[in-house]
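Breakdown of the fold
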Amino acid sequence: MLFNSLDFAVFLPIVFILYWFVCNKTLRIQNVLIVAASYFFYGWWDWRFLSLIFFSTTVDYSIGLALHKTENPFKRKQLLWVSIVVNLGLLGVFKYYNFFLENLVNAFSLFGSDIGFTTLHIILPVGISFYTFQTLSYTIDIYRKQLEPTTHFISFMAFVSFFPQLVAGPIERAKKLLPQFESKRTFNFDNAKDGLKQTLWGLFKKMVIADNCALFVDEFFGNHQAYSGSTLLIGAFFFTIQIYCDFSGYSDIAIGVSRLFGFNLSKNFAFPYFAKNIAEFWRRWHISLTTWFRDYVYIPLGGNQGNKAFQIRNTILLFVLIGFWHGAAWKFIVYGLINALYFLPLIIWRRKPTDKKSAQSNHLIPSKSELIGIIKTFTFLVLVRVFFRADNLHIAVSYLSTIFSASLFTVPQFANRTDAIVVFIFILIFTSIEWLGKTNAYAIEHLGNTWKRAFRWGFYYVLIFCIFYFYAKPQQFIYFQF
Amino acid sequence: MKKFLKLFLFFCVPVLVLGCTMEYLLRHIPNEFQIKSDYLKTNTADIKTLLVGSSHILYGINPEFLTEKALNYGNISQTIDIDYDIIHQYINELPALETVVLRLSYTTLFEQLKTGDESWRIKNYAIYTGVNVDADIKHHFEIFSVKFKNNLERLYTYYILKETPDYVNPSGWGTHKAVHSVARLETLGELIAKKHTASHDDLYVENLGYLKKIVSECKEKNIDLLLVTLPAYGSYVNNLDSLQWKRTLDSGNLMDKTYENCVYFNVLNTERFGKQYFIDVDHLNVAGAEKFSKIIDSLLTQ
């Protein structure tokens, strides 16, 4: 069920009413409703994959309890490995099996050995990369004795399958979200009202900006041979905007909807395109994933301790893994690697990022150095995102070659220039609103709060009108494929 | 909570009022599905021939040139899964039905309405006909099926400009107004053929299954089935993918051979239809429809 679908518009009020009016007698009943609603929400795509969520939930719940019961270090390690193998095994089978097999065959063929193989015709279950990481972090935290396991299976089921963030995050830590399932939720007017506002803003980002950018992006990336470098550069720019509005829009909706039910999810984006350098960007982009890799991969590897070679190794490994998390393809590995390479100067010359007061601070006009940093980082992102969006490495290289050809200096070609101009105008307005609201949890958090109700509601009606009037061909959220 | 719900409902009132008004007004714009449904209701006892298929049938066969009473239930982008739903429904509701004429075009076995860009058209069946099609919730509403922008244009065109869209005659034949120039016929052929060539054959087996079910159900009811591949312009025919076309042709011939009640009539590449008979590369114009309808009538009355 997509957030931007009529199905969800029917589903959400029903669950909301049942949650606050029918199942509000006990916490347990409310949690049972959340589990039922979440499984229904997920099953709307493909009910067969519900068994995977249930399996992963049961395994980590049991391992969590078993870890708590034993102090034997060997046994604890064994239990941890069972959780890692099961969760990463699920990912391995459903996401990476064919990739590894194909590359193994290719490697053998280089040495003249032809081995037969059968690829699996399997669909990638929606959200598997998200919920497996969530359950994995639960077990690791218990192993590290940073978390007490829950004894409430229903609460744990609700934590793993909570429908607003089940399929594309934010990847929540048990330390933050699980206690919320184990304590009484009370309805908070301001929280719910703000949740609705954030949901509306998320829908606007997704349906007006991301989906309209997608029309051009799909065409330019689908037929890149037919376009000039200048056109393809605009295509890459549109994709950079699309992926941000798509994913951060999803996160806004997830967080907003959760607030309607009395839950607070983690912030997943902090205006990443206003970052002055790549380090700052990765602290602001998909925060729940980057912090997951930081805590469970980067720091255990040694993080930024040790000599420079050691730090460089850790950084490269971290980014390659982040890239590979996105999908089983070389293009994602290259995407991660390029990000790592762009990061290295910060390690080699030990540049301390001075971003603390940049986009976080509340000044209207950026300083010259700030502006240069933002433009430089954004330009890098526009170009490196070509690897993310192109169907494969070959196309990405060909796409970039065209961008860096003489045709970069020609007039861009658009099948529908008016639509392109409308998209540009929206991006401009959107960027301005984001810049003005860059110190908030989301751009319009405080926008209009001091206005008279008529004006404030008028603004919301304008957003709703734009959503209906400008919404293009409905697109699935990009991160659903991961 | 009460305050929240009260404010929320109050906020939603203008949106709901606007939405309901639009839905009401949109449903009152006359359309071909209503006309066909009305025709069915008033002629239930007399219809002997049911013509089913895509725009090829819609524009290609005019029931007024058929001897027996007929209804053209062809519609733009109608695919074989919908054809099956229609036939399955009316085969039981039309007591005098003797023949079903079904198009078997180049695209028939390789597409389905619900999977393509035209899936919004499912709302026409869900809202205006009694045909039990596989429709999402949104397809039961005009406002959710068609883009808001397009709906505003429809309202403006009908209620403000007082213009009516392209219609069908009472027996369902499409009175298409657009005509392409001869030069366009020559250049469009390759483009349209390419557009109609499927990028995959994922739906082939399922669609062939629908075709078999149609023939079988007709046989059970002692109804004859005439499978037709309508004429198309040379620039289109010459650019068709040979494999896709062969599979279509083979399927038609297989039905003809296997089932006694089924006849396959293929005139895709016929010299009898020159450029003066086409609206575009794969649709007959008024004269073409008259000529082709007479041919079909001669087959039906044999």
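Use the structure listed above.
1. Regarding helix α5 (residues 128-143) of chain A
All names here are of chain A.
- Its 16 residues give α5 an end-to-end C-alpha distance of 22 Å, which sits within 8% of 22 Å, the value for a rise of 1.5 Å per residue.
- The element α5 is extensively covered by neighbouring structure, given that 15 of its 16 residues are classed as buried.
- One or two positions beyond α5, positive phi appears at K145, with a value near 60°.

2. Concerning the sheet that holds strand β4 (residues 224-229) of chain B
Residue and element names in this part refer to chain B.
- An order of β2-β1-β3-β4-β5 is seen for the 5 strands of this open sheet, with the pairing classed as parallel. Strands with a single pairing partner mark the edges of an open sheet, and in this sheet they are β2 (70-74) and β5 (262-266). Each adjacent strand pair in this sheet contributes to an overall mean axis angle of 15°, direction not counted.
- As paired strands, strand β3 (residues 99-103) and β4 are joined by 5 bridges and run parallel to one another. Bridging across to β4, V101 finds its partner in L226.

3. Regarding the nonpolar core
- Residues A:F163, A:F238, A:F261 and A:Y479 are the most contacted members of the largest nonpolar core, which totals 169 residues.
- Considering every element that reaches this core, the biggest residue donor is helix α10 (residues 229-260) of chain A, with 17 residues.
- Each of domain 1 (6-185) and domain 2 (191-276 + 354-481) of chain A gives at least three residues to this core.
- The contact partners of A:F238, leaving out residues within four places of it in the chain, are A:C213, A:F216, A:V217, A:F414, A:A420, A:V423, A:F424 and A:I427.
- Judged by nonpolar contacts, the second largest core, of 74 residues, contains B:A70, B:I82, B:Y125 and B:I295.

4. Points about the packing of helix α3 (residues 50-69) of chain A against helix α6 (residues 153-161) of chain A
Residues and elements named next belong to chain A.
- Here α3 crosses α6 at 130°, and the two axes come no closer than 10 Å. Considering their axes alone, α3 and α6 lie oblique with respect to each other. For the pair α3 and α6, the sense of crossing is right-handed. Mapping the contact onto sequence places I53, F54, T57, T58, D60 and Y61 in α3 and F153, F156, M157, V160 and S161 in α6.

5. Considerations on the packing of aromatic side chains
- By the definition in use, this model includes 102 aromatic pairs over all chains.
- Between A:F274 and A:W435, the ring centres sit 4.9 Å apart and the planes meet at 85°, which makes this aromatic pair edge-to-face. With A:F274 in the loop between α10 and α11 (278-284) and A:W435 in helix α17 (residues 417-436), this pair connects stretches of sequence that are 161 residues apart.
- A:W435 gets classed as buried once you look at its relative accessible area, which sits at 12%.
- An angle of 55° between the planes, with centres 6.1 Å apart, marks the rings of A:F459 and A:Y460 as tilted. Just as A:F459 is buried, A:Y460 falls in that class too.
- Above the ring of A:F49, the side-chain terminus of A:R48 is found at 5.8 Å from the ring centroid.
- The positively charged end of B:K213 is found above the aromatic ring belonging to B:Y84, 4.6 Å away from the centroid.

Definitions and limits used
Residues numbered from 1 in each chain as written. Chains lettered and ligands numbered in written order. Predicted model: local features only at pLDDT ≥ 70, side-chain atom pairs only at ≥ 80, totals over all residues. Heavy atoms only, no water. Helix = DSSP H or I, 4+ residues; strand = E, 2+ residues; numbered from the N terminus. Expected span 1.5 Å × (residues − 1). Buried < 20%, exposed > 50% of the residue type's maximum accessible area, 1.4 Å probe, protein only. Pairing = 2+ DSSP bridges. Axes fitted to C-alpha atoms, helices over the stretch in contact; angles between N-to-C directions. Core = buried A, V, L, I, M, F, W, Y, C linked by side-chain atoms within 4.5 Å. Domains from an automatic or database assignment. Contact = heavy atoms within 4.5 Å. Parallel < 35°, antiparallel > 145°, perpendicular 65-115°, else oblique. Left-handed = near helix turned anticlockwise from the far one by under 90°. Phe/Tyr/Trp six-rings, centres within 6.5 Å; stacked < 30°, edge-to-face > 60°. Lys NZ or Arg CZ within 6 Å of the ring centre and 35° of its normal.

Any functional reading would require information that these geometric values do not contain.
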